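Commentary on secondary and tertiary structure
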Amino acid sequence: MNIRKNLGLLSLFLSFFYLTQAQEMPVKYSFGEKYNDRYKYSNLLEISDDGMGGTLLVRSYYTGIILKPRGYYIEHYNKDLELVAEYNYKIKGLDFVNAFVKNGQLNILLLEYNLGKGSYDYVVHRSPISSFNFTEETILSISSQEVAEPLDHNYYKRNFSSGFTTTTFFNEDKSAFAISTHFKKGRDEKHFVYLFNSSLNKLMEYDFSEQIEEKNYAFENMVTSKDLSQLYLVGKAYYKKKRFAATDRKFQYELLKVTKNGAGIQTFDDPGKFSEALKPIIANGKLICVGFYADRKDNRYNGLAYFELDRNSLVLNAKKYNPFSQQFMADKFGRDGDLEIKNLVFKDVSVTKDNSILFNAEEYFVTSSVQQDPTGSRVKIERFHYNDIVSAKLNAEGDIIWARNINKSEVTQGDGAYASYSSCARGDNTYYVISTASENPQLLSGERLIFRQGLSRNRNVFMIRLDNDGKISYEKVIDDNEARLPLMVSMPLIDRENSRMLYYAKRGSKKQLVSVEINTP
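Read on for a plain summary of the structure.

About the cut-offs
Residues numbered from 1 in each chain as written. Predicted model: local features only at pLDDT ≥ 70, side-chain atom pairs only at ≥ 80, totals over all residues. Heavy atoms only, no water. Helix = DSSP H or I, 4+ residues; strand = E, 2+ residues; numbered from the N terminus. Buried < 20%, exposed > 50% of the residue type's maximum accessible area, 1.4 Å probe, protein only. Contact = heavy atoms within 4.5 Å. Areas by Shrake-Rupley, 256 points an atom, 1.4 Å probe, with all protein chains shown as cover. Arc of directions from axis to C-beta. Polar contact = N/O pair within 3.5 Å; in protein donor to acceptor, adjacent residues only side chain to side chain. Salt bridge = Lys/Arg side-chain N within 4 Å of Asp/Glu carboxyl O. Pairing = 2+ DSSP bridges. Axes fitted to C-alpha atoms, helices over the stretch in contact; angles between N-to-C directions. Core = buried A, V, L, I, M, F, W, Y, C linked by side-chain atoms within 4.5 Å. Patch = residues over 30% accessible without salt bridge, like charges linked within 9 Å, V, L, I, M, F, W, Y side chains within 5 Å. Lys, Arg positive; Asp, Glu negative; His and termini not counted. Charge placed at Lys NZ, Arg CZ, Asp CG, Glu CD.

**Regarding the overall build of the chain**
Per the secondary structure count, the chain includes two helices and 36 strands. Looking at the chain as a whole, 51% of its 521 residues are labelled buried. Counted over contacts in the chain with a minimum sequence separation of 6, partners at least 24 positions apart contribute 50%. Taken as a whole, the chain presents about 25000 Å² of accessible surface, with 47% of it coming from carbon and sulfur.

Right, here's the structure in full:
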């Protein structure tokens, strides 16, 4: 009896522990109507504001005994989350780049190989959203032989020898996009950078070929000035001819500035300090790069990096290296672990009213293995890992205020839109939304928050808050009994002005929109 009584008290204590850890979040959510969907297999490519309070979605869909892409399915919802129009755009054989809405028109940017001209063409398919009727416009054409994977944008490897690769980046408000093209045939090698505005006018063209004699450039992030007269691209510059030890890094991060009058380059590394995962922002008129750094030439991260540059000359006016604190390492590893921090990819950066910088990144990497399919053939299987969230706050001078780690582990072989997380800053607080089969996270001593994988088919939606001081709180805001369709949590439409996140939820032949709104003064 005593043992049973003690176990009952322990259970009551643990329940009280979890209840006292969860904080009531200032959140309001609503579900749109569930609709039937004719395409069970699809991927969400873009979710955009229609300019009238509604939402426009673009999906690629797959049909057949052997699933193959058949076209793009477009859905239009009004401000009340009601489906008002659908359109099946039956085109195939093209690579999707991006989509955006401008002046009541849906623009789908595609990459197409033109056999007749022997070129890769960037083509925009445009239609009014009031009545779908698409027209086409080629905005850029690059002569090349056809290659297997022309669109090549990843964080850990890049193929510069295939003959042709291209990457496209949009700025935050999608008022402009940059296109990087790399062409190689024998000894002839060319690299061009272009900037277009959302009206599809070419604003800049820069021949980057001279700079690639010694290095190949794989850009990762971009930012533009408000008037679109300045373009800044940050990425990895891979050395071509240097010899490396097995543990050495074969690249360094560089920033490229392009204007109508020319271009300039800035590097960041110092002796014993090697930049990692840098992201450019323009805050209060300043050009700033924030990210991480390593203190040796491998892929382990040791702290946070901050660089302030002159927007015209690219001269470094200030730089700070903030090592990870013991609290941060305890958040991540507890008392033991391999103590390696690596593979961080930026998700979001925002600036507060006092010009402090809030940013977060995620551990992301890909593993592969060879398996046998039902016919006995050996096939390569790739698995995409979305692990811990790293969040940090720097003051206006680049000094660290706090850095925290949220432990999670997710892996998928399919649609990554259901994994990862989304975030939105409101004042000095940062809010994170994750979808997990886990019923209860663990908030251990030192505020070490851990989400473990659950086994349920349905998913709970949790909101996590990091306040002005980096203190963690959390709450299950939508129970899996309510969220019967899983949210594509990593692809929201974020209304930052009103702190509202809109999610597409889908399973099989059912779909709906879910709105999550943060209600704070």
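Text resumes after the structure shown.
**Re helix 2 (residues 326–333)**
Since the α-helix packs 3.6 residues into each turn, any two residues three or four apart lie on the same face. Every buried residue of helix 2 is listed here: Phe328, Met329, Asp331, Lys332 and Phe333. Burial along helix 2 is one-sided: seen end-on, the buried residues are contained in an arc of 165°. Looking at the buried positions of helix 2, the neighbouring elements they touch are strand 24 (357–372), strand 25 (378–394), strand 26 (400–407) and strand 31 (448–450). Structurally, the start of helix 2 carries an N-cap: the backbone nitrogen of phenylalanine 328 is 3.1 Å from a side-chain oxygen of serine 325.

**With respect to the pattern of salt bridges**
In the structure shown here, the tally under the stated rule is 23 salt bridges. The shortest N-O distance in the salt bridge between glutamate 362 and lysine 408 comes to 2.8 Å. One end of the pair, glutamate 362, is in strand 24; the other, lysine 408, is in the loop between strand 26 and strand 27 (410–412), and 46 residues separate them in sequence. Residue glutamate 362 is classed as buried on the basis of its relative accessible area, which comes to 3%. Taking relative accessible area as the criterion, lysine 408 reaches 5% and is therefore assigned buried. Here the salt bridges share partners, and the residues they tie into one network are Asp37, Arg59, Glu75, Glu86, Lys506 and Lys511.

**Observations concerning the sheet that holds strand 17 (residues 251–259)**
With respect to topology, four strands assemble into an open sheet ordered 15-16-17-18, the strand pairing being antiparallel. Two strands close off the open sheet at either side, each with one partner strand: strand 15 (215–224) and strand 18 (262–267). Taking the axes of each pair of neighbouring strands and ignoring which way they run, one obtains an average angle of 25° across the sheet.

**A short note on the environment of asparagine 78**
With respect to the helices, strands and loops of the structure, asparagine 78 is situated in the loop between strand 5 (68–77) and strand 6 (83–89). The exposure class assigned to asparagine 78 is partly exposed, which follows from its relative accessible area of 21%. Between the C-alpha atoms of asparagine 78 and glycine 54, which are 24 residues apart in sequence, the distance is 4.1 Å. Ignoring sequence-local partners within four residues, the contact set of asparagine 78 consists of Gly53, Gly54 and Val84.

**Describing the nonpolar core**
Side chains of nonpolar character tend, in soluble globular proteins, to be buried together. Among the nonpolar cores identified, the biggest contains 24 residues, and Val290, Phe292, Leu304, Phe324, Ile341, Ile357 and Phe359 are the most heavily contacted of them. Elements represented by at least two residues in this core include exactly strand 19 (274–283), strand 20 (286–294), strand 21 (303–309), helix 2, strand 23 (344–351), strand 24 and strand 25. The contact partners of valine 290, leaving out residues within four places of it in the chain, are Ala277, Leu278, Lys279, Ala305, Tyr306, Phe346, Ile357, Phe359 and Leu394. Tyr113, Ile139, Ile142 and Leu200 belong to the second-largest nonpolar core, a separate cluster that totals 20 residues.

**Focus on the pairing of strand 4 (residues 55–63)**
Most of strand 4 is tucked away, with seven of its nine residues classed as buried. One ladder, built from eight bridges, connects strand 3 (residues 41–49) with strand 4; its direction is antiparallel. Among the inter-strand pairings, aspartate 49 is bridged to a residue of strand 4, identified as threonine 55. Counted along the chain from strand 3 to the antiparallel partner strand 4, the turn is five residues long, and its residue glycine 51 has a positive phi close to 85°. Two elements, strand 4 and strand 5, share nine bridges in a ladder whose sense is antiparallel. Its bridge partner lying in strand 5, tyrosine 62 is registered against proline 69. The loop that links strand 4 with its antiparallel partner strand 5 comprises four residues; one of these, glycine 64, has a positive phi angle of about 105°.

**What about the sheet that holds strand 4?**
Pairing in this open sheet of four strands is antiparallel, and the strands run 3-4-5-6 from one edge to the other. The open sheet has two free edges, formed respectively by strand 3 and strand 6, since each of these has just one partner strand. Along the sheet, successive strands turn relative to each other by an average axial angle of 20°, direction set aside. Of the pairings in the sheet, the one linking strand 5 to strand 6 comprises six bridges and is antiparallel in character. Across the sheet, tyrosine 73 pairs through a bridge with asparagine 88, a residue of strand 6.

**With respect to a negative patch on the surface**
A cluster of like negative charges, contributed by Asp207, Glu210, Glu213 and Glu214, occupies part of the molecular surface. In this fold, glutamate 214 is placed in the loop between strand 14 (202–207) and strand 15.

**A look at the environment of glutamate 362**
Considering only alpha carbons, one finds glutamate 362 and serine 391, 29 residues apart in sequence, at a separation of 8.7 Å. The residues contacting glutamate 362, other than those within four sequence positions of it, are Asn343, Leu344, Val345, Lys347, Tyr386, Asn387, Asp388, Lys408, Ser420 and Tyr421. At 2.8 Å, the side chain of glutamate 362 and the side chain of lysine 408 are in polar contact. Of note is the side chain of glutamate 362, whose polar atom sits 2.7 Å from the side chain of serine 420.

**Focus: the pairing of strand 29 (residues 429–436)**
Judged by how many residues are buried, strand 29 sits mostly within the fold: seven of eight residues are covered. Examined bridge by bridge, strand 29 and strand 32 (residues 460–466) share seven bridges and lie antiparallel to one another. Opposite tyrosine 432, over in strand 32, you have isoleucine 464 as the bridge partner.

**So, unusual backbone geometry**
In this structure, alanine 277 takes a positive phi of about 50° despite not being glycine. Note that alanine 277 resides in strand 19. Phi is positive for serine 420, close to 70°, though the residue is something other than glycine. Checked against the element boundaries, serine 420 lands in the loop between strand 27 and strand 28 (422–426).

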